[in-house]
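The chain contents come next:
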Amino acid sequence: MTASFGAIQLLVFPGLLYAFVAGFFMEWLQRKINARLQGRIGPPFYQPFFDFVKLLGKKPIPRPPLQGFIMTALPAVSVVATLGAVAILPVLSTGIGFSGDVILLVSLIEVGPLLAVLGGFASRSLWGGLGASREAVMTAAYNLPFLTALIALAWNSDLSIGLLATTAPWHVRLLAMAAILLCLPAKLHLNPFSISSAEQEIYAGATTEYDGPRLALWELAHSFEWVALTGLFALLSVPMVGVADLWRVLIFVGVSLAVVVVLSVAAASTARLKLAQTARWFWLWGFLLALSALGLALAGI
Amino acid sequence: MSKIPLGPFHPALEEPYKIEVTCTGETITDAEITVGFNFRGIEWLAERKNYTQGIALLERVCGICSNVHTMMFCRAVESIGAIEVPERAKYIRVVMAEAERLHSHLLWAGVACNLIGFETLFMTCFSLREQVMDVLEGISGNRVNYAMNRPGGVNRDITDPASVLAAIRTIADVTTKQLIPVLTTDPTVRARCAGVGILTREDAIAYGAVGPMARASGIDIDLRKSAPYEAYDQLSFDVPVRQEGDVFARIVIRALEILESCKLIEQAIEMMPVGPIAGGLFPTVPEGEACVRIEAPRGEVIYYMASNGTDMPARVRVRTPTFANMPTARVMALGQGLSDLALIQASIDPCYSCTDR
Amino acid sequence: MDVNALLLELNPQGAYELRRDGYWLVWPEVDVRAMARLMRSREVRLATMTGTPAADGSLRVIYHWDVGAYLLNVETTATDGRLATIADILPAADWIEREIRDYYATEFVGRETTAPLMLRDTDAPGLFSRTSDVGHQTDPAETSRTTLATKDGESR
């Protein structure tokens, strides 16, 4: 991978430019589907972007210097880390990735929730703390099946995302992808697992005390999370060997948006579960699914 | 151990009140309820207004069951003065009361769905509620404070019964086909509500719980059956009762009551006799006292009225259902999770404007 | 529920009056705690209690019991502004007693604390009795704001 290709990947596709556009688009799509299913009209497509700009333009509440710095730095780092996760997605054949990029990707994706937990506690509010502790329990809950499913996929490859989809046998992939799909609503704070942002119980959870540009950064990181997670799902589910770049991009974007639609419909037709119920759900059914995928991969069936 | 306040202002509450819980982890170990944020001294004011003004004043006790309060005020006056209400007016009062029950229950179902994060169902409930409000507006000309009752009758006739029937049938249809199936069978709703916030039969009696709260705890009380007023003794309907006493039972009771109310409105409109809808001029209220009660959407409402023969009541006492039901929130919340608190308090269908008056 | 048996058990000599709205019994010397215990054991619900000032300035307190189709209204008087509490027997009475104290400064003897229900912690109890001669002016404009003040002069 040359430096110029690397720069394109980071700044244009699937990095900054794409993530920026696609992130807001996905958020809009989710809101629009939700609205249509509820018999509402829903927002115009530019609404998430306008929300972001409006937040950016607001003057934040003055805070003690250190707290203000921490409360700005945490979402900023979250944005950067999640953007990094999007940028190393090997969509184009020129940036096919490297051995071990799965591990880098997973750690970059996990930085977001971790910083959200820290951010909740750093805001020193009761609701922020409650949201943060819920987020922490949720992370522990959904990451068990999520990581197990990734390990099952990666068992026979050299830990490179580009090869994961091609090397794992189809039945392992089916089970593992189902487990990953189960985890996505929890990672994206969607129903029925929107526990850490249950506004009727704990206001906005970890981000309750964040305002203006600081909140805008969290929102941006969240929309990048959409792109990263749906993109990861797209890359893992469709094996793309010997496919032209244009098709690779179209399949990547198409599958990503299809995942958004599925998640949105599921979110609109469910109520919010409780924390303990969610943890049980993931540790039992999610983990069972992922574990059977791993078992099949280990046995080499 | 931490103390967590819910309210006085909180996204889960429609009105200001405060429930402060002591938690160990996420488990509630104690709860303290504070009301009075909406205290307007309506009982005090009612002693200083004449009867005509009193109707307008009492209508403003509650924004949802406003018709109940004027009906109660008028029934108290009728009871003291032994004033007869024409037959047609009785049926019109039943239609208004049941439409209001629909309004109240649908609004509550929407709020409950919102609290368990089920926004789609919330929207379904509120679009149905919108139709009920259109019905009420069609009959009375108003959407919130209907100004329908007066001592000795009602102020307006139902001139277009066909449109009321059509709307009620739509509501019954959507409730049967969409609302009740989703509310009773959706696994996420069941997971959130079944076994949560249990009020035992014994506690329900000791705390004096009324209405759907009591009926969900196995107490078969409904004044429309046990002490029929207006035209209820002429109409046939069922009173759903459940034994479980949990939030889920309250959801089921209210959902079934929506259907019963639709049934009642249909019957009342079809059986309504022709005739006058009110007596003559505003009657003089003799000296005396009366204690009347009816089944409001949230349960039994009691009015005590004393008259000293002047044009102003000597005392008006208003006991609303939430006043009786709210203290049970404490027993229901003990030992439950913090994430259930909002739902448990909402399962009472609390109305703090009513409670505080 | 056998209402007549209950009425007899409650007060064998009682002159119950059956009106349109229920049974009424004026019984100034009633032992409210014994009544509450009896009602609790018979699973009778306390519908509410009404405090209403009598002509001589004392407070009539009416206990409304739900005995099925009718209410049973037992009236007593709070002598010297004091009455025994029944909140420890029937928790339903807790809020009601607090509210009556808010309005008429009646002391319910036997309660550990009687926190205000409708008023704020710093308010003096007896809002209605304190302001009984206020606000009867026929001009609504005068009724609405003037002279309604608490003891410490804070306008309400």
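Residues numbered from 1 in each chain as written. Chains lettered and ligands numbered in written order. Predicted model: local features only at pLDDT ≥ 70, side-chain atom pairs only at ≥ 80, totals over all residues.

Colleague: Would you mind going over the overall build of chain A with me for this structure?
Modeller: A count of helical and extended segments in chain A gives 12 helices and zero strands. Listing each helix as α and each strand as β along chain A from the N terminus yields α-α-α-α-α-α-α-α-α-α-α-α. Counting only C-alpha atoms, chain A reaches 55 × 45 × 45 Å along its principal axes. Contacts spanning at least 24 positions in sequence make up 80% of the contacts within chain A whose residues lie at least 6 apart. (Helix = DSSP H or I, 4+ residues; strand = E, 2+ residues; numbered from the N terminus. Contact = placed C-beta atoms within 7 Å.)

Colleague: Please explain the overall build of chain C as it appears in this structure.
Modeller: Assigned secondary structure in chain C consists of five helices and seven strands. Counting across all 156 residues of chain C, residues that qualify as buried make up 37%. Intrachain contacts of chain C at a sequence separation of at least 6 include 47% that bridge at least 24 residues. (Buried ≥ 20, exposed ≤ 12 C-beta atoms within 10 Å, placed from the backbone.)

Colleague: What am I meant to see in the interface of chain A and chain B here?
Modeller: Often the size quoted for an interface is simply the accessible area lost on bringing the parts together. Between chain A and chain B, the residue contacts involve 22 residues of the former and 20 residues of the latter. When residues of the side of chain A that touches chain B are traced back to their parent elements, those giving at least two are helix 9 (199–202) and helix 12 (275–299) of chain A. Per-class residue counts for the side of chain A that touches chain B are nine nonpolar, eight polar and five charged. (Nonpolar A, V, L, I, M, F, W, Y, C, P; charged D, E, K, R; others polar.)

Colleague: Whenever I open this one, the sheet that holds strand 2 (residues 18–24) of chain B confuses me. Can you help?
Modeller: One key point about sheets: their strands pair by backbone hydrogen bonds, in either a parallel or an antiparallel sense. Residues and elements named next belong to chain B. Across the sheet, three strands lie side by side as 1-2-3; this open sheet has antiparallel pairing. With one partner strand each, in any of the chains shown, strand 1 (2–6) and strand 3 (27–34) form the two edges of the open sheet. Within the sheet, the average angular offset between the axes of one strand and its neighbour, ignoring direction, is 25°. Summarising the sheet, strand 1 and strand 2 pair through five bridges and their orientation is antiparallel. Counted as the bridge partner of Leu6 is Ile19 from strand 2. (Pairing = 2+ DSSP bridges. Axes fitted to C-alpha atoms, helices over the stretch in contact; angles between N-to-C directions.)

Colleague: What am I meant to see in helix 2 (residues 32–41) of chain C here?
Modeller: Side chains of residues three or four places apart in an α-helix project in the same direction, reflecting 3.6 residues per turn. Residue and element names in this part refer to chain C. Buried within helix 2 are the following residues: Val32, Met35, Ala36 and Met39. All buried residues of helix 2 project into a common sector of 100° when viewed along the axis, lining one side. The secondary structure elements touched by the buried residues of helix 2 are helix 1 (3–10), strand 3 (45–53), strand 4 (59–67), strand 5 (70–78) and strand 6 (82–84). Note on helix 2: the residue one or two positions beyond its end, Glu43, has a positive phi of about 55°. (Arc of directions from axis to C-beta.)

Colleague: When you look at the sheet that holds strand 1 (residues 17–19) of chain C in this model, what are you seeing that I'm missing?
Modeller: All names here are of chain C. The strand order 1-2-5-4-3 describes an open sheet built from five strands, whose pairing is mixed. Every other strand in the sheet has two partners, leaving strand 1 and strand 3 as the edge strands with one partner each. Within this sheet the neighbouring strands show an average axis-to-axis angle of 25°, counted without direction. Bridge count for strand 4 against strand 5 is nine bridges, and the pairing is antiparallel. Of the residues in strand 5, the one forming a bridge with Tyr63 is Val74.

Colleague: Is there a simple way to explain the pairing of strand 6 (residues 288–296) of chain B in this structure?
Modeller: Remember that side chains alternate between the two faces of the sheet whenever the strand is regular. Residues and elements named next belong to chain B. Burial runs high along strand 6: eight of the nine residues are buried. Examined bridge by bridge, strand 6 and strand 7 (residues 299–307) share nine bridges and lie antiparallel to one another. Each bridged residue has a counterpart across the sheet, and for Glu295 the counterpart in strand 7 is Glu300. In this antiparallel pair of consecutive strands, strand 6 and strand 7, the connection spans two residues.

Colleague: Just checking my understanding: could you explain the interface of chain B and chain C for this structure?
Modeller: Counting from both sides, the interface comprises 27 residues of chain B and, opposite them, 29 residues of chain C. In terms of residue class, the side of chain B that touches chain C is made up of 16 nonpolar, four polar and seven charged.

Colleague: What am I meant to see in the environment of A:Gly68 here?
Modeller: All names here are of chain A. Inspection of the secondary structure assignment puts Gly68 in helix 4 (residues 65–87). Given 14 C-beta atoms within a 10 Å radius, Gly68 is considered partly exposed. Remark: the alpha-carbon pair of Gly68 and Ser123, spanning 55 residues in sequence, is separated by 9.1 Å.

Colleague: Just checking my understanding: could you explain helix 10 (residues 212–237) of chain A for this structure?
Modeller: For helix 10 of chain A, which comprises 26 residues, the first-to-last C-alpha distance of 38 Å matches the rise-based estimate of 38 Å (1.5 Å per residue) to within 8%. Counting buried positions along helix 10 of chain A gives 23 out of 26 residues, so the element sits mostly inside the fold. (Expected span 1.5 Å × (residues − 1).)

Colleague: Can you help me understand the environment of A:Val111 in this one?
Modeller: As for its position among the elements, A:Val111 is in helix 5 (residues 101–122). C-alpha separation for the pair A:Val111 and A:Ala81, spaced 30 residues apart in sequence, amounts to 6.6 Å.

Colleague: What am I meant to see in the nonpolar core here?
Modeller: What tends to happen in soluble globular proteins is that the nonpolar side chains get buried as a cluster. Counting residues in each nonpolar core, the largest one holds 168 residues, and the members touching the most others are B:Ala112 and B:Tyr303. Here the element with the most residues in this core is helix 4 (residues 87–115) of chain B; it accounts for 17 residues. In contact with B:Tyr303, not counting residues within four places along its chain, are B:Met72, B:Phe73, B:Ala76, B:Val292, B:Val316, B:Arg317 and B:Val318. Grouped together as the second largest cluster of nonpolar side chains are 98 residues, A:Ala19, A:Ala116, A:Ile161 and A:Ile195 included. (Core = buried A, V, L, I, M, F, W, Y, C linked by C-beta atoms within 7 Å.)

Colleague: Can you help me understand the environment of B:Leu13 in this one?
Modeller: With respect to the helices and strands, the residue B:Leu13 is situated in the loop between strand 1 and strand 2. Here the alpha-carbon distance between B:Leu13 and B:Ala342, two residues 329 residues apart in the chain, equals 7.9 Å.

Colleague: When you look at the pairing of strand 7 of chain B in this model, what are you seeing that I'm missing?
Modeller: Residue and element names in this part refer to chain B. Counting buried residues in strand 7 gives nine out of nine residues, a clear majority hidden from the surface. As paired strands, strand 7 and strand 8 (residues 313–319) are joined by six bridges and run antiparallel to one another. Among the inter-strand pairings, Ile302 is bridged to a residue of strand 8, identified as Arg319. Connecting strand 7 to the antiparallel partner strand 8 that follows it, the hairpin turn spans five residues, and Gly309 within it adopts a positive phi of roughly 90°.

Colleague: Please clarify how the packing of helix 10 of chain A against helix 11 (residues 245–268) of chain A should be interpreted in this entry.
Modeller: Relative placement of two packed helices is described by the angle separating their axes and the distance separating the axes. Residue and element names in this part refer to chain A. Packing of helix 10 against helix 11 brings their axes to within 8 Å, and their N-to-C directions diverge by 120°. The angle between helix 10 and helix 11 falls in the class oblique. Here helix 10 runs over helix 11; the crossing is right-handed. Between helix 10 and helix 11, the contacting residues are Thr230, Gly231, Phe233, Ala234, Leu235 and Ser237 on the first element and Phe252, Val255, Ser256, Val259 and Val260 on the second. (Parallel < 35°, antiparallel > 145°, perpendicular 65-115°, else oblique. Left-handed = near helix turned anticlockwise from the far one by under 90°.)

Colleague: Explain the confidence of the model for chain C here, please?
Modeller: Interpretation of this model should avoid reading the predicted coordinates in detail wherever pLDDT is low. Residues and elements named next belong to chain C. Put simply, chain C has an average pLDDT of 79, and 87% of its residues get 70 or more. Taken element by element, the predicted model of chain C shows its lowest mean pLDDT in helix 5 (residues 140–145) (48) and its highest in helix 3 (residues 93–104) (89). Low confidence marks residues 142–156, where pLDDT is under 50. Its contacts with residues over four positions away, or in another chain, come to 17 contacts. Among the scores for the predicted complex, ipTM is 0.84 and pTM is 0.81. (pLDDT = per-residue confidence, 0-100.)

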